[in-house]
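# Coordinate inspection notes
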Amino acid sequence: MTRILALLALILLAAPAAAQAPAAALPPPVPAATRTATAPAMPQISAGHAAALGAGMFIGALAGSALIHGGALAALIGAAAGVTVSHWYWTEHHDDAD
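Described below are features of the structure shown in this document. (Residues numbered from 1 in each chain as written. Predicted model: local features only at pLDDT ≥ 70, side-chain atom pairs only at ≥ 80, totals over all residues. Heavy atoms only, no water.)

### Observations concerning the overall build of the protein chain
For clarity, the cut-off: Strands here mean DSSP runs of E at least two residues long; helices mean DSSP runs of H or I at least four residues long; both are numbered from the N terminus. Burial classification: accessible surface area is computed with a 1.4 Å probe over protein chains only, and a residue below 20% of its type maximum counts as buried, one above 50% as exposed, and the rest as partly exposed. Contacts between residues were defined by any pair of non-hydrogen atoms, one from each residue, lying within 4.5 Å. Reported accessibility uses the Shrake-Rupley method at a 1.4 Å probe radius. Residues are deemed covered only where the shown protein chains occlude them.
For the protein chain, the helix and strand inventory stands at three helices and zero strands. Going from the N terminus to the C terminus, the protein chain shows its helices and strands as α-α-α. Classification of the 98 residues of the protein chain by burial places 12% in the buried group. Taking all contacts inside the protein chain whose residues are at least 6 apart in sequence as the whole, residues at least 24 apart take part in 55%. In the structure as shown, the protein chain presents an accessible area of about 8200 Å², 73% of it carried by carbon and sulfur atoms.

### Let's talk about helix α3 (residues 72–93)
For clarity, the threshold we go by: The span you would expect from a helix comes to 1.5 Å times its residue count less one. The directions from the helix axis to the C-beta atoms are what the arc is built from.
Over its 22 residues, α3 runs 31 Å from end to end, which matches the ideal 32 Å to within 8%, given 1.5 Å per residue. Within the span of α3, buried status applies to Ala74, Gly78, Ala79, Gly82, Ser86 and Trp90. Viewed end-on, α3 has its buried residues packed into an arc of 130 degrees, placing them on one side of the element. Looking at α3, the residues exposed on the side facing more than 90 degrees away from the buried face are Leu73, Leu76, Thr84 and Glu92. Those residues of α3 that are buried are in contact with α2 (47–67).

### Looking at the environment of Ala80
Checked against the element boundaries, Ala80 lands in helix α3. Taking the C-alpha atoms as reference points, Ala80 and Met57, separated by 23 residues in sequence, lie 6.7 Å from one another.

Shape is all these values report; function is a separate question.
As structure tokens, this is what we get:
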């Protein structure tokens with residue numbers, strides 16, 4: 001038992017020293033003036049599409065919970081199915097005027 005405790009103590013003492021990287025391995029910092037911040041490209045989604053996704057998720061979770069006899073997993077499966085069906089309906093069968 002004492003050997004195990006001694007080994008754990010040595011590992012505990014060596015861990016912080018092993019975690020430090022040598023100064024030569026780190027790249028030099030980039031000045032703040034040369035950094036450029038670009039926003040990632042986000043898909044444009046309309047308010048109607050978002051409402052359809054939310055309604056589909058709610059109805060799917062409700063139906064999944066009822067049809068698979070309750071539970072969080074059933075609601076999760078139903079919500080995923082509801083979002084999938086409502087997104088498919090919105091993109092395929094909805095008027096593009098929105």
